[in-house]
Amino acid sequence: MKFTINRDHFSNGLSQVLNVVGTRATMPILGNTLIEAADGVVSLTTTNLDMSIRCRIKAEVAEGGSITLPVRKLAAIVSDLPSLEVIVECTAQQARITSGTASFRIMGIASDEFPPLPTFADKRSFVLKQEDLSGMLRSVSYAESTDEARYIMNGVFFSFAENKLTLAATDGRRLAVISREMTVGEDNAGSLILPARTVAEVMRLCGTSDNVRIAFNDRQAAFEIANGASGDTGLTDSIYLVSKVVEGNYPNYKQVIPKETDQHIRLSRETFLNTVRRASRVTSDKNNSIKVSVKSGVIDISGSSDIGESKVSLNVDYTGPEIAVAFNPQYLMDPLKALSRDEVIFEFKDELSPGVIRTPDGFMCVIMPLRIS
Amino acid sequence: MPSYGNNSTPRPIHILPDAVASRIAAGEVVERPVAVVKELVENSLDAGAARISVDFAEGGVRRIVVEDDGTGMNRDNALLSLERHATSKLEDAGDLDHIASFGFRGEALPSIASVAHLTMKTRDAASETGTLVEVAGGLVKDVRETGAPRGTRIEVADLFYNVPARLKFLKSEKTEAAHIVLATRLLALANPSVAFTLSSEGRTLFSSPACESLARRADEVFGRGTASGMAEISAEGDGITLSGLLLSPGTGRPSRADLYFFANRRSVENRLLLSATLEAAESFFPRDRFPAGFLFITIDPAAIDVNVHPAKREIRLRDEAKVRDFVLAALREKFGELSRGKSAQIAAPRPAAVPAPTLAPGTTPRIPAASIPTPPATPVKAGILREVAEPPAPPSNLHANAPHPAPTLHTLPESLPQLPSWRFVGTLSGGLVLFETTEGLLVLGASAARARIAYEHCLADLEKGEPVTQGLLFPLVVELSPAAAGALEGGLALLRRGGFEIEPFGRGSFRLSGVPAWFPVEAADEFIKNAADSFAEGGLRSARDPLQARDTFARIAATHAGRGPAPADEAQALDLASRLLACKNPLADARGRAAITLFTRRELTGQAVQRAFL
């Protein structure tokens with residue numbers, strides 16, 4: 001195998017696949033990237049067995065072939081090469097990299113030991129804008145459970161049904177849901193749970209302009225992320241990411257969405273966020289709660305702990321009864337930080353019922369209150 | 001029915017021949033080989049020796065040699081010393097009330113001589129030649145002049161050769177040897193100014209020159225590192241002196257085996273001293289973990305009776321309550337000092353406490369919940385205790401006369417947002433986090449740290465009875481066996497008091513709709529099952545002992561809450577550390593696993609490290 005490639009293109013390609021490496025000492029090949037060269041394209045693949053990712057970069061391929069090389073080391077070397085022109089020559093198990101006055105010989109592992117990318121017949125597939133997908137993921141992913149014992153909740157639930165895509169995440173204490181209309185054919189409808197790590201990777205890879213195609217079956221999901229037109233990245237074709245899905249039944253989140261909330265207040269998202277954050281400055285690990293008290297025309301958010309007390313007020317348009325509910329301040333701040341709209345609606349009923357933060361574009365976050373006996 | 005002696009005719013009563021009597025008496029004094037070593041070394045110490053060496057073979061049965069450079073004896077005294085009740089240490093019965101020497105009964109030598117081959121070689125300063133005496137089975141076989149250095153050398157060979165019954169009851173050679181080693185160690189420890197050598201079958205087990213400090217002697221005699229983590233203590237009052245080495249509060253030891261007591265330099269077993277020490281240690285060590293140390297009580301010989309046990313292992317104290325109260329109070333104070341020292345050392349590089357918050361007018365300032373531990377269970381005498389009756393936490397109580405100490409960990413508000421100014425070094429597998437501080441290397445065990453934090457939360461919630469409950473979106477249904485379900489029903493009140501929102505859900509299942517805010521939901525299912533088991537076993541029977549039930553409950557809850565991976569980054573690690581430091585006892589979790597340990601620079605640059613790196 002022999003090819004000539006632009007240093008920055010090569011480096012950019014490696015940075016796309018760098019995150020997906022295995023750390024198991026028993027399988028050193030998972031720390032390597034599979035490099036395949038053919039027909040003017042070099043493709044880079046990494047996998048940790050749960051998730052695999054492949055990107056393609058243009059190159060002058062003099063002789064086709066393949067090898068695997070340690071990806072982190074390779075990325076460090078390539079990004080630091082002195083000349084833009086990089087020549088890579090490989091035998092089955094080692095590579096020579098030459099650039100300007102620098103040359104490296106790197107030991108690799110034969111490519112036939114690299115676990116093959118899973119192939120699957122995608123039963124269902126959808127196309128949407130990368131910007132939309134990453135925005136939706138960002139709106140809900142903070143609510144994922146990080147607890148491995150509740151692995152079902154360790155990710156984001158995707159539902160394609162009733163002509164909309166709905167994403168949901170919950171850790172049992174709060175639930176974030178967002179949906180957006182899209183055409184869903186009857187035989188195309190379905191759902192999946194995307195693992196948290198894949199969620200993070202998809203958010204990282206999604207750009208702002210192009211489309212992303214999602215395909216999935218009961219066991220796997222694949223994302224084809226078209227590369228953005230911005231700048232000369234050297235990437236050709238789409239980045240292809242395939243991941244296991246979390247197998248199992250996602251909790252029936254619809255039943256915990258309050259059917260009716262008596263009271264609601266329109267609030268500036270940023271003002272609300274600032275108010276909660278200020279009030280939470282005095283909360284402690286032992287007493288991590290703030291009290292949201294609403295009365296005519298004003299919301300008081302107060303906190304107290306051994307450190308001291310806080311009270312931050314916010315004038316609002318409200319005429320309902322006086323109600324006070326306690327929350328973990330983090331659970332209020334998370335959605336307020338993740339959203340981008342200027343205005344949110346805060347809904348509540350009484351001190352034992354969940355609070356809801358909602359936006360008109362199909363987002364809601366249901367937050368269970370803290371009960372202080 | 002069995003009958004005894006049915007064929008015997010009545011026998012006349014007669015006085016036992018001397019040889020038999022002395023062998024019986026010997027059985028009491030010389031129970032086993034270690035007794036020979038102890039008696040001989042004590043004689044050497046009483047003779048003012050500066051150097052004592054002990055050598056033994058085959059667990060001491062084959063041979064025991066004790067050699068010293070003490071005063072020695074002339075020919076007459078040497079022979080006399082082998083007679084029963086011949087002693088230089090006691091004049092009349094009155095002296096028995098204040099025995100200051102180790103020996104006093106005049107029994108040891110004749111007893112040993114009656115059950116072994118004994119060879120004594122001795123010379124006092126006034127004699128030009130030494131005396132060699134050979135005795136077998138209590139009968140002097142040979143006395144002659146010999147060249148000898150000043151001092152006494154006694155060789156005891158073939159112990160119990162004429163008492164086969166006793167020989168049969170000896171434990172294995174190894175066990176007997178272990179007894180000899182321990183006894184010699186303790187003797188050496190109690191007399192650091194005397195050089196000691198212990199050897200067996202050509203191997204030196206330890207050799208310690210006269211030591212200035214007890215710590216050094218402990219290291220040399222018990223092995224390097226014995227005294228690490230221990231501090232020298234001394235306290236005096238009411239005619240009693242307490243001194244020695246004491247293990248600093250922390251994770252403690254798994255058993256009480258490392259606690260040694262000495263009364264007037266004599267190694268003793270005493271229930272009273274043990275219980276006083278354990279009680280003093282109670283709030284400083286986790287449950288089921290024990291203090292360790294070498295504690296020397298010095299007390300007027302008239303207040304102590306050592307003439308209780310033939311081997312003098314036990315003592316009787318004239319005024320038990322007085323000694324107990326003194327030891328309890330003194331150790332409590334020492335443990336408190338050590339604990340504060342250790343915590344302060346760990347927290348050392350931390351910035352000083354933040355100033356108290358100024359509150360907007362109209363708000364009520366909340367006083368930080370003072371970390372006052374439960375007062376000691378036993379009422380203590382004010383006169384003896386002075387100001388130290390309170391256990392550890394509030395330092396002001398412990399330093400009534402001293403200037404108020406700089407604010408340490410214990411006086412800080414319980415929940416400082418301030419992070420410690422430590423350098424985060426990294427994490428190790430097993431959930432360990434490393435920090436560097438000005439004092440050295442701190443190792444933090446993530447799961448023990450979380451368990452400790454959760455434990456204190458839980459106890460505080462239970463005590464105050466106003467827990468904060470996080471409602472659950474998806475109530476958890478826990479299914480239990482009928483027996484466990486029945487047991488759990490009885491404990492629901494305690495669970496609710498702790499912040500669990502739980503109710504019976506029919507057919508042995510329970511519905512959990514809220515957990516304490518600090519409790520990880522994921523552990524709830526297993527926790528409820530464990531709690532039910534505990535209720536069933538009676539460990540959590542709240543009606544009987546609410547305090548005990550609370551503690552057990554908190555420990556179970558905390559263990560579940562502690563699980564999880566190590567902190568992922570520096571911010572998380574520092575956050576965990578600062579929360580741990582806000583705990584009353586940050587050193588270990590409730591089960592005794594170390595939560596944070598400091599390896600001082602000195603320890604790190606100690607010999608092992610130097611040998612490896614420098």
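Relevant structure appears above.
About the criteria used
- Residues numbered from 1 in each chain as written.
- Chains lettered and ligands numbered in written order.
- Predicted model: local features only at pLDDT ≥ 70, side-chain atom pairs only at ≥ 80, totals over all residues.
- Heavy atoms only, no water.
- Helix = DSSP H or I, 4+ residues; strand = E, 2+ residues; numbered from the N terminus.
- Buried < 20%, exposed > 50% of the residue type's maximum accessible area, 1.4 Å probe, protein only.
- Contact = heavy atoms within 4.5 Å.
- Areas by Shrake-Rupley, 256 points an atom, 1.4 Å probe, with all protein chains shown as cover.
- Axes fitted to C-alpha atoms, helices over the stretch in contact; angles between N-to-C directions.
- Parallel < 35°, antiparallel > 145°, perpendicular 65-115°, else oblique.
- Left-handed = near helix turned anticlockwise from the far one by under 90°.
- Nonpolar A, V, L, I, M, F, W, Y, C, P; charged D, E, K, R; others polar.
- Pairing = 2+ DSSP bridges.
- Core = buried A, V, L, I, M, F, W, Y, C linked by side-chain atoms within 4.5 Å.
- Expected span 1.5 Å × (residues − 1).
- Bend = angle between axes of the 7 residues up to and from the residue.

Colleague: Just give me the short version of the overall build of chain B, but keep the residues and values in it.
Modeller: Helices and strands together make up the secondary structure of chain B, namely 18 helices and 22 strands. Across the 614 residues of chain B, 50% fall into the buried class. Partitioning the intrachain contacts of chain B with sequence separation of at least 6 by distance along the chain shows that 68% fall at a separation of at least 24. When the accessible area of chain B is evaluated, it comes to approximately 29300 Å², of which 52% is carbon and sulfur surface.

Colleague: Break down the packing of helix α3 (residues 130–140) of chain A against helix α4 (residues 196–205) of chain A for me, with residues and values.
Modeller: All names here are of chain A. Across the interface, α3 lies against α4 with an axial gap of 9 Å and an inter-helix angle of 140°. Viewed along their axes, α3 and α4 adopt a mutual orientation that is oblique. Crossing angle aside, the handedness with which α3 passes α4 is left-handed. Residues Gln 130, Leu 133, Ser 134, Leu 137 and Arg 138 of α3 form the contact with α4, whose own contacting residues are Val 199, Val 202, Met 203 and Leu 205. By residue class, the composition of the contact of α3 with α4 is 6 nonpolar, 2 polar and 1 charged.

Colleague: Can you break down the environment of Gly 137 of chain B residue by residue, with the values?
Modeller: You can see Gly 137 of chain B is positioned in the loop between β4 (130–136) and β5 (139–146). With 23 residues separating them in the primary sequence, Gly 137 of chain B and Phe 160 of chain B have C-alpha atoms 9.0 Å apart.

Colleague: Pulling in residues and values, what's your account of the pairing of strand β1 (residues 2–6) of chain A?
Modeller: Residues and elements named next belong to chain A. In the sheet, β1 pairs with strand β7 (residues 85–90) via 5 bridges, with the strands oriented antiparallel. Among the inter-strand pairings, Thr 4 is bridged to a residue of β7, identified as Ile 87. Sheet topology note: the β1/strand β5 (residues 60–63) ladder contains 3 bridges and is antiparallel. Bridge pairing in β5 links Thr 4 to Glu 60.

Colleague: Lay out the environment of Pro 482 of chain B in plain terms, naming residues and giving numbers.
Modeller: All names here are of chain B. Looking at where Pro 482 falls in the secondary structure, it is placed in helix α13 (residues 482–497). What makes Pro 482 exposed here is its relative accessible area of 73%. Along the backbone, Pro 482 and Arg 507 are 25 residues apart, and their C-alpha atoms lie at a distance of 8.0 Å.

Colleague: Outline the nonpolar core, supporting the account with residue identities and numerical values.
Modeller: One finds Leu 133, Phe 158, Phe 160, Phe 223, Phe 272 and Ile 357 of chain A to be the most contacted residues of the largest nonpolar core, which totals 97 residues. If one sorts the elements of this core by residue count, helix α2 (residues 71–79) of chain A sits on top with 5 residues. For Phe 272 of chain A, the residues in contact, after removing those within four places along its chain, are Leu 267, Ile 301, Leu 314, Leu 336, Val 344, Phe 346 and Ile 357 of chain A. Judged by nonpolar contacts, the second largest core, of 91 residues, contains Val 66, Leu 189, Ile 240 and Ile 304 of chain B.

Colleague: Could you give me a rundown of helix α2 (residues 33–46) of chain B, with the residues and numbers involved?
Modeller: Along an α-helix, a turn takes 3.6 residues, which lines up residues three or four apart on a common side. Residues and elements named next belong to chain B. The end-to-end C-alpha distance of α2 is 20 Å, a good match for the 20 Å that 14 residues give at a rise of 1.5 Å each. The buried fraction of α2 amounts to 12 of the 14 residues, a majority that puts the element mostly inside the structure. All buried positions along α2 are accounted for by Pro 33, Val 34, Ala 35, Val 36, Val 37, Lys 38, Glu 39, Leu 40, Val 41, Glu 42, Ser 44 and Leu 45. The first or second residue beyond α2 is Gly 48, which carries a positive phi of 70°.

Colleague: Give a description of the side chain of Glu 456 of chain B that names residues and reports values.
Modeller: Residue position: Glu 456 of chain B is located in helix α12 (residues 446–464). Those residues in contact with Glu 456 of chain B, other than ones at most four positions away along the chain, are Cys 583, Lys 584 and Asn 585 of chain B.

Colleague: Any details on α13 of chain B? Residues and values, ideally.
Modeller: All names here are of chain B. Taking 1.5 Å per residue as the helical rise, α13 with its 16 residues ought to reach 22 Å, and the 23 Å between its terminal C-alpha atoms agrees with that figure. Maximal helix bending in α13 amounts to about 55°, located at Gly 491. Listed in full, the buried residues belonging to α13 are Ala 484, Ala 485, Ala 487, Leu 488, Gly 491, Leu 492, Leu 494 and Leu 495. Of the residues trailing α13, Gly 499 is marked for its positive phi of about 105°.

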